[in-house]
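A structural walkthrough
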Amino acid sequence: MSPERLTENVTDEFLARMTARLRDRTGADLTLAGRVHPRTKQLTIRFAHGTLAERFLGVNIAPGTGIGGRVVALGRHVRIEPGHAPVRPGVGEPASSVLAMPLHMDGQVRYVFYVAERANRPISAAMAASALAFMRELEAFVAQSARKREVDAARRWNLDERVIRQIDSELTRLSMDFAGSPVTARIATIRTLLEDSVVK
């Protein structure tokens, strides 16, 4: 399955719900989710929930820049606490403490989720543990859903292939019954179309 198809399998509605649920689970001031372009690796903030959330929507983060770009490059979570350089997950007021976490699909970072605290308040150990546990659960759920889709698609293909083979067999018998007649050529055309559909 191509990177684009993998990414499309996770719907915007689902990710928006997960962004809100991450905030509910952790109690963070702000949670964000960004989508990583499969080829350019540019990160775009697509979903936000919490304090001044609307300011972050649509922000583009170049590969390797910012805390989100580091997550994409490293393939693991990155945490920045108060006392370091001001952290801006996108734009708007600086966050005091940020934890950014990857969502892997097919071995690549496809999304980055953020948990942020403001007002000089650090992310507690409990909040960080809760956020990371949430991401592990989310990643496992997405992977399981992808496997189920692949299995279902394979089952549908096996069924379709059996039906096509059976139709081809019936057409072979018909061509024998009508040997030498104009119908034979039309049957041959139909069989060719069926064979092409199987190959594709």
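What you see is a predicted model, and the numbers here were worked out from it, not measured in a lab.

Time to look at the overall build of the chain. Scanning the chain from terminus to terminus reveals five helices and six strands. In the chain, which comprises 200 residues, the proportion classed as buried is 38%. Within the chain, counting contacts between residues at least 6 apart in sequence, those at least 24 apart form 56% of the total. Accessible area of the chain: about 11,300 Å², with a carbon and sulfur share of 55%.

With that out of the way, let us pick up helix α2 (residues 12–26). Its 15 residues place the ends of α2 21 Å apart at the C-alpha level, agreeing with the 21 Å of an ideal helix rising 1.5 Å per residue. Looking only at α2, the buried set comprises Phe14, Leu15, Met18, Thr19, Ala20, Leu22 and Thr26.

With that settled, the discussion passes to the side chain of Asp29. Looking at the element boundaries, Asp29 is found in the loop between α2 and β1 (30–36). A polar atom in the side chain of Asp29 sits 2.9 Å from the backbone nitrogen of Arg118. Beyond its immediate stretch of four places on either side in the chain, Asp29 contacts Arg23, His49, Gly50, Thr51, Ala116, Glu117, Arg118 and Arg121.

All right, on to the confidence of the model for the chain then. Here the chain shows a mean pLDDT of 77. Residues at 70 or above account for 66%. Least confident of the elements in the chain is helix α1 (residues 3–8), whose mean pLDDT is 42; most confident is β1, at 94. Considering only residues more than four positions removed or in separate chains, one finds that residues 1–9, a stretch of pLDDT under 50, has 15 contacts. Every residue in residues 89–93 scores below 50 in pLDDT, and together they form 17 contacts with partners more than four places removed in sequence or on other chains.

Here we have six strands laid out as an open sheet, ordered β3-β2-β1-β6-β5-β4, and antiparallel in their pairing. If you trace the sheet from one side to the other, it starts and ends with β3 (60–61) and β4 (78–80), each paired once. Pairing analysis gives six bridges linking β1 to strand β6 (residues 108–117), with the strands arranged antiparallel. Bridging across to β6, Leu30 finds its partner in Ala116.

Cut-offs applied
- Residues numbered from 1 in each chain as written.
- Predicted model: local features only at pLDDT ≥ 70, side-chain atom pairs only at ≥ 80, totals over all residues.
- Heavy atoms only, no water.
- Helix = DSSP H or I, 4+ residues; strand = E, 2+ residues; numbered from the N terminus.
- Buried < 20%, exposed > 50% of the residue type's maximum accessible area, 1.4 Å probe, protein only.
- Contact = heavy atoms within 4.5 Å.
- Areas by Shrake-Rupley, 256 points an atom, 1.4 Å probe, with all protein chains shown as cover.
- Expected span 1.5 Å × (residues − 1).
- Polar contact = N/O pair within 3.5 Å; in protein donor to acceptor, adjacent residues only side chain to side chain.
- pLDDT = per-residue confidence, 0-100.
- Pairing = 2+ DSSP bridges.

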